[in-house]
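Geometric and topological summary
The residues making up each chain are set out below.
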Amino acid sequence: MVAMQSAETRYAKPIMVAINTLTDDEGGLQPLRSHALFKTLSNVDLENLILQSRRLRLGHHQLLYRQDMPAHHFFFVISGRLRLYRLDSSGIDRTLDSIAPGDCFAEVMIYADPARYACYAEALKSSEVLMIPVKAYQELLDSKPEYASAALRHYAMRAVSRFHDLEIMTVQNARDRLIRYLIDLLPNGVAEGGEVELPLPKCLVASRLAMQPETFSRILADLKSNGLVRVNRSKLFISDPKRLIEISQ
């Protein structure tokens, strides 16, 4: 959403809840094993890292951290969804990304010096995250080169993804930015149509794509009237992604 924010007034301390062991399937921590930053860790090292971590519960619109705060932790999403955004010098809210269960964020703080969060992190719904101490993870990387190699591969993949995001954002035409964004949501891209769900409310997708909500709504309505998409609240059905791409070229 391109809007003025009062982030300081919305900040509340997250609720600390008991940490579950990794063997507790109900705890939602099993997906941690398959994440690139953790899958090469031995069982002992992973268990020890989790014992040093804390589990946080966030309410709707609760802030996890503020922009420019000292960063001593990075995070793994157990449930819910979070939004990353920045406030520019005039107080305008710019959505950067949305984070789903199974994702890590703020992991760049592992190598940052000085380590300060580059944005705000806000829960879009009731959410739980694992707060992982940067220092404890750094010690693991220093102790075993194979852990550091896996972390660097993760960062390389993230860098490629970010370059792709930047490519979309450099497209001048707002309609073309939206079309490319929607195509990216399809599991098989332009090769196959299907149903996608917007990861953010429409007003925040508009902010993510650097356009006004009114512009987003008008473009989406135009695509719908031309039979290019079907819209059902946050879900969109794209029957012919190749046709959609053709009108953006």
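See the structure printed just above.
What this report covers is the structure whose coordinates are included nearby. Predicted model, so just to flag it, every value in this text is computed and none were measured. (Residues numbered from 1 in each chain as written. Predicted model: local features only at pLDDT ≥ 70, side-chain atom pairs only at ≥ 80, totals over all residues. Heavy atoms only, no water.)

1. Regarding unusual backbone geometry
The test is simple: Strands here mean DSSP runs of E at least two residues long; helices mean DSSP runs of H or I at least four residues long; both are numbered from the N terminus.
The residue after aspartate 113, namely proline 114, is reached through a cis peptide bond having omega 0 degrees. Along the chain, the position of proline 114 falls in the loop between strand 7 (104-105) and strand 8 (120-123). Despite not being glycine, alanine 106 shows a phi value in the positive range, around 65 degrees. Note that alanine 106 resides in the loop between strand 7 and strand 8. The backbone phi angle of arginine 233 is positive, close to 60 degrees, even though this residue is not glycine. With respect to the element layout, arginine 233 can be found in the loop between strand 11 (230-232) and strand 12 (235-238).

2. Observations regarding the pattern of salt bridges
The test is simple: Note on definitions: salt bridges are taken to be side-chain nitrogens of Lys or Arg within 4 Å of carboxyl oxygens of Asp or Glu. Under the scheme applied here, a residue whose accessible area is under 20% of the maximum for its type counts as buried, over 50% as exposed, and between as partly exposed, the area being computed with a 1.4 Å probe on protein chains only.
Taken as a whole and assessed by the stated rule, the structure comprises eight salt bridges. Put simply, arginine 55 and glutamate 128 hold a salt bridge, and the shortest N to O gap is 2.6 Å. Here the residue arginine 55 occupies a position in strand 2 (residues 54-58), and glutamate 128 occupies one in strand 9 (residues 127-133), the gap between them amounting to 73 residues. For the pair shown, arginine 55 and glutamate 128 are each scored as buried.

3. Some points on the pairing of strand 5 (residues 82-87)
Note on strand geometry: in a regular strand, side chains alternate between the two faces of the sheet. Just so we agree on the cut-off: Think of it this way: DSSP has to see at least two bridges between two strands before they count as a pair.
For strand 5, a buried count of five out of six residues is recorded, marking the element as mostly surrounded by other parts of the structure. In the sheet, strand 5 pairs with strand 6 (residues 93-99) via six bridges, with the strands oriented antiparallel. Note on strand 6: the bridge partner recorded for leucine 87 is aspartate 93. The antiparallel pairing of strand 5 with strand 6 creates a hairpin that spans five residues between the two strands, and glycine 91 there sits at a positive phi of about 85 degrees. The pairing of strand 5 with strand 8 spans four bridges and is antiparallel.

4. Re the nonpolar core
Heads up, the condition is: Residue types Ala, Val, Leu, Ile, Met, Phe, Trp, Tyr and Cys, when buried and joined through side-chain atoms within 4.5 Å, form a set referred to as a nonpolar core.
Residues Phe38, Leu64, Tyr65, Phe74, Phe75, Phe105 and Tyr137 are the most contacted members of the largest nonpolar core, which totals 43 residues. Counting 27 residues, the second largest nonpolar core, distinct from the first, contains Leu124, Leu182, Leu198 and Leu200.

5. Thoughts on the sheet that holds strand 5
Whether parallel or antiparallel, the strands of a sheet pair through hydrogen bonds between backbone atoms. Counted only if it meets this: Axis definition: a line fitted to C-alpha atoms, over the contacting stretch in the case of helices. Angles run 0 to 180 degrees between N-to-C directions.
If you walk across this open sheet you meet the four strands as 3-8-5-6, and the pairing is antiparallel. This sheet does not close on itself; its edge strands, each paired only once, are strand 3 (63-65) and strand 6. Put simply, the sheet's adjacent strands are angled 30 degrees from each other on average, direction ignored.

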